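# A structural walkthrough
Each chain, written out:
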Amino acid sequence: MSRSVLLRGGRVIDPSQSFDQIADVLIIGEKIEAMGARVGNDAAGRDGLETIDCSGTVVSPGFVDVHCHLREPGREEVETIASGARAAAAGGFTAVCAMPNTDPVTDNQAAVGFISRQASRADAARVYPIGAISLGQRGEALAEFGEMVAAGAVAVSDDGKPVVSAHLMRTALEYARTFGIPVADHCEEPTLAHGGAMNEGIVSARLGLKGIPSEAEEIMAIRDILLARRTGGHVHLCHMSTRGSVELIRWGKDRHINVTAEVCPHHISLTEDAVEGYDTNAKMNPPLRTADDVAALQEAVRDGTIDLIATDHAPHHYDEKEREFANAPNGIIGLETALAVNITWLVAPGIIDLPVLIERMSCAPARVFKLPGGTLRRGADADVTVFDPSASWVVEPARFKTKGRNTPYAGKTLQGRATCTIVGGRVIHRSDA
Amino acid sequence: MTLSLGKDLLGLEPLSGDQIKLILDTAEPFKEISERVIKKVPTLRGATIVNLFFEASTRTRISFEFAEKRLSADTVNVASTGSSVSKGETLVDTARNLEAMRIDMVVIRHGASGAARFLADRIESNVINAGDGTHEHPTQGLLDLLTLRDHFKTLEGIKVCIVGDVLHSRVARSNIWGLTKMGAQVGVCGPRSLLPNAIDEMGVTVFSRVEEAIEWADALNILRLQLERMTAGYIPSQREYNRVFGISRERLDRAKRDILILHPGPMNRGVEIDSDVADGPFSVILDQVTNGVAVRMAVLYLLSGGKPELAEAAKKAGGER
């Protein structure tokens, strides 16, 4: 007799089936068995049925994060695959993709296999490895995409660094076509961005910090879009942060170029003003931009120019952030705040509704990276997130599952919280919101 | 309610015009102390001050040290070389260790913008910013204001143009905030590649050509041109900089009136300023240095909790020794 779980009486939203109504979801074993208003009554009395009351909450396909940094191997004191996978589960993510800028770099099949093995031991959210584009992320020679894909890699990226050589980016896009994987690029023109610590503008001028102009991102974004047009390869643009980038992506999509793009929760919620007082938890790359950029990104999430939301979860040790702004590392944690930030800044103000949010956090990431999940169809893996979209809570980093504490949302009251996360039919996270 | 500066002096941007005026007014009685045979008053007797210099400095460090000693404070100088800083100790650990020795004030010079603020947020001692990266150098700004006020009798309405590498200049930022808050008009002039992109939003008039700036200004504050700006590709050469932006006697003579010349030092003679200008009759460059000590005495005094109205009395008490 396989284990079964009944998610009863929630608002079930599955954009992959255009489904949005009060219903029950029945999971048998590792798969979705049924979804509908009468499923609960029919299943009642089943042996070993675990019923979870979902009234007042939303039941959705599990969230998928295509961009996070889990720091293992190399910086296990900052995060491990296990702690990252638990943080993901607590944030409502059933699957995450781990970027390859580890130490050593995840640029070969053995390294990719190591991440998959650590992930299965973690017994939390699924972790899919992303392999490096270039050996050692040095931007010189291509890594072995084929062997990495065979070992479980779902994409390639040199994230953390841009692919500086246009030639290498071109060949990566061409070569990746054989394996049907996206090439995810961190768009940053290095000579323009060199030494920059925040967005270039009035705040950087006042604070005396070297700025990173929007063009550093946009120049690489359009280069990648043009190379995708040339090669027919799939380019995925990571963490877009400017209005100009949105316009360039729109230009590419209008011409049916194979480009997809992501935005991070911090770039649709915060502006460069957060750097005021030299708060190193507001330091990330790309940097927080202006209110005008935030508005453009929010609109792009709404209209689909930006396909999906990804966290760029980047834990750092406390000591590393506790220093002079220019010398502090880039990045913030995001797995446990993403849902709430997105609800607080996108859903609550009415920019998008919950079905669109779920599309951008679950269906689209699964589709773009060709991952299982992102649907509650009968027979699909039972990766399900239950969340309370109205629960308000105060961000207390010390209570997080991630080892990182570096978040600009500390102390803020946010709205929306995952109450139950199910991976392959197993409940891996429960909370009472 | 008596006006005060709060715990720290981190920049001129956060100060009000009244607070800046308070410092300048408080500096007045302190000027005279440095003119005495025995240049010392007991105002800060028993106070311990650490001068924490992570960047090389001659003028500012010595000026602070004189200001401290003339107020009878006990001072310790810590430089980045030959201290635990060179062994990789973090800024916050250095500061906490110093504070554990029960000090009262820290004067900090550091290469990173925001370093003074970082320290001030983490220790209880008063923190004085002696220059943080390309952010602010408030005591330099104050001594520039005092020198200008000495000459023009008021700052209200005077036209001051800052000439040179505004992008990388903490002196420029402190001048812009200090001068605008005191009612002066501020111009900036330099190669566009050395002006912040957002300069227009800082309440200043931008001059592309130095001839126009000279035509407009009552005073020029001429910034030092760092050699690194050429290697980093901001401008082609010192020679061309001198030709296009250098302040020469010839250029000044074309102006209809006398123009006061300031420079925060150290000067590159023949680059941003010609020697006959630096040493000319309208140069107040050495007055700036003299005023620097008085302004720093005023800041130390006010931050230590000294009542502005007692500054005169403090001076008298010293005079009776």
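Rules and cut-offs
- Residues numbered from 1 in each chain as written.
- Chains lettered and ligands numbered in written order.
- Predicted model: local features only at pLDDT ≥ 70, side-chain atom pairs only at ≥ 80, totals over all residues.
- Helix = DSSP H or I, 4+ residues; strand = E, 2+ residues; numbered from the N terminus.
- Rg over C-alpha atoms; globule rule 2.2 N^0.38 Å.
- Buried ≥ 20, exposed ≤ 12 C-beta atoms within 10 Å, placed from the backbone.
- Contact = placed C-beta atoms within 7 Å.
- Axes fitted to C-alpha atoms, helices over the stretch in contact; angles between N-to-C directions.
- Parallel < 35°, antiparallel > 145°, perpendicular 65-115°, else oblique.
- Nonpolar A, V, L, I, M, F, W, Y, C, P; charged D, E, K, R; others polar.
- Domains from an automatic or database assignment.
- pLDDT = per-residue confidence, 0-100.
- Expected span 1.5 Å × (residues − 1).
- Bend = angle between axes of the 7 residues up to and from the residue.
- Pairing = 2+ DSSP bridges.
- Left-handed = near helix turned anticlockwise from the far one by under 90°.

## Regarding the overall build of chain B
The secondary structure content of chain B amounts to 13 helices and nine strands. A globule of 321 residues ought to have a C-alpha radius of gyration of about 20 Å, and chain B, at 20 Å, matches this closely. By principal-axis analysis of the C-alpha atoms, chain B measures approximately 55 × 45 × 35 Å. Of all 321 residues assigned to chain B, the portion counted as buried reaches 48%. Here the analysis covers contacts within chain B between residues at least 6 apart in sequence; of these, 75% occur between residues at least 24 apart.

## Re the packing of helix α8 (residues 214-231) of chain A against helix α9 (residues 243-254) of chain A
All names here are of chain A. At their nearest, the axes of α8 and α9 sit 9 Å apart, and the two run at 10° to each other. On the basis of the axis angle, α8 is roughly parallel to α9. Of the residues in α9, those in contact with Ser214, Glu217, Glu218, Ala221, Ile222 and Ile225 of α8 are Gly244, Ser245, Leu248 and Gly252. Among the residues forming the contact of α8 with α9, the class breakdown is four nonpolar, four polar and two charged.

## Quick word on the domain arrangement of chain A
All names here are of chain A. Each domain of chain A was delimited in the assignment, giving domain 1 (4-59 + 381-401 + 408-430) and domain 2 (60-368). Centre-to-centre separation of domain 1 and domain 2, based on C-alpha positions: 27 Å. Of the residues lining the interface, 26 residues belong to domain 1; the matching set on domain 2 comes to 37 residues. Counting residues per element, the ones that place at least two in the side of domain 1 that touches domain 2 are β1 (4-14), β5 (58-61), β16 (384-394), β17 (413-423) and β18 (426-430). The residue makeup of the side of domain 1 that touches domain 2, split by class, is 15 nonpolar, six polar and five charged.

## Focus: the confidence of the model for chain B
Across chain B, the average pLDDT comes to 92, with 92% of residues at 70 or higher. On the interface metric, ipTM, the complex scores 0.91, and its pTM is 0.94.

## Some thoughts on the interface of chain B and chain A
With 22 residues of chain B at the interface, the matching set in chain A holds 16 residues. Elements that contribute at least two residues to the side of chain B that touches chain A include exactly α3 (91-100), α4 (115-120) and α6 (170-181) of chain B. At three residues, the largest contribution of residues to the side of chain B that touches chain A is made by α4 of chain B. Tallied by class, the residues present in the side of chain B that touches chain A amount to nine nonpolar, seven polar and six charged.

## What about helix α12 (residues 285-303) of chain B?
Residues and elements named next belong to chain B. Compared with an ideal rise of 1.5 Å per residue, which puts 19 residues at 27 Å, α12 spans 27 Å between its outermost C-alpha atoms and is within 8% of the ideal. The largest bend in α12 is about 25°, located at asparagine 291. Following α12 by one or two positions, glycine 305 has its phi on the positive side, about 100°.

## Notes on the pairing of β16 of chain A
Residue and element names in this part refer to chain A. Strand direction decides the pairing type here: β5 and β16, joined by four bridges, are antiparallel. Paired with valine 58 across the bridge in β16 is phenylalanine 387. As paired elements, β16 and β17 share eight bridges and run antiparallel to each other. Opposite tryptophan 393, over in β17, you have leucine 414 as the bridge partner.

## Some remarks on the domain arrangement of chain B
Residues and elements named next belong to chain B. Looking at the assigned domains, one finds that chain B contains domain 1 (17-137 + 291-319) and domain 2 (138-287). Measuring from the centre of the C-alpha atoms in domain 1 to the corresponding centre in domain 2 gives 26 Å. Contacts between the two partners involve 20 residues from domain 1 and, on the opposite side, 21 residues from domain 2. Breaking the side of domain 1 that touches domain 2 down by element, the ones donating at least two residues are α1 (17-33), β4 (126-132) and α12. Looking at side-chain class alone, the side of domain 1 that touches domain 2 contains seven nonpolar, nine polar and four charged residues.

## What to know about unusual backbone geometry
Residue and element names in this part refer to chain A. Following aspartate 103, the chain continues into proline 104 via a peptide bond in cis, with omega recorded as 0°. With respect to the secondary-structure elements, proline 104 resides in the loop between β7 (93-98) and α3 (109-122). The amide bond that connects asparagine 285 to the next residue, proline 286, takes the cis arrangement and shows omega of 0°. Residue placement: proline 286 occurs in the loop between β14 (259-263) and α10 (291-303). Of note, aspartate 123 is a non-glycine position whose phi angle comes to about 60°, a positive value. Its location among the elements puts aspartate 123 in the loop between α3 and β8 (126-129). C-beta crowding within 10 Å serves as the criterion here: with 13 such atoms nearby, aspartate 123 is assigned to the partly exposed category. Even without a glycine there, the phi angle at tyrosine 278 is positive, about 60°. Looking at the secondary structure, you find tyrosine 278 in the loop between β14 and α10.

## Quick look at the sheet that holds strand β15 (residues 308-309) of chain A
The parallel open sheet is built from five strands, whose spatial order is β9-β10-β13-β14-β15 (chain A). Two strands lie at the open edges of the sheet, namely β9 (156-157) and β15 of chain A, each paired on one side alone.

## Some points on the packing of helix α5 (residues 138-152) of chain B against α6 of chain B
Residues and elements named next belong to chain B. The interhelical angle for the contact between α5 and α6, taken along N-to-C directions, is 55°, at an axis separation of 8 Å. Our classification of the angle between α5 and α6 gives oblique. Handedness of the crossing formed by α5 with α6: right-handed. Along the contact surface, α5 presents Pro138, Gln140, Gly141, Leu142, Asp144 and Leu145, while α6 presents Val171, Ser174, Asn175, Gly178 and Leu179. Partitioning the contact of α5 with α6 into residue classes produces five nonpolar, five polar and one charged.

## A short note on the pairing of β18 of chain A
Along any regular strand the residues' side chains alternate between the sheet's two faces. Residues and elements named next belong to chain A. As defined by bridge partners, β17 adjoins β18 across four bridges and the pair is classed as antiparallel. Bridge pairing in β18 links cysteine 420 to arginine 430. Here β17 folds back onto β18, and the loop between the two strands holds two residues, one of which, glycine 424, carries a positive phi near 55°.

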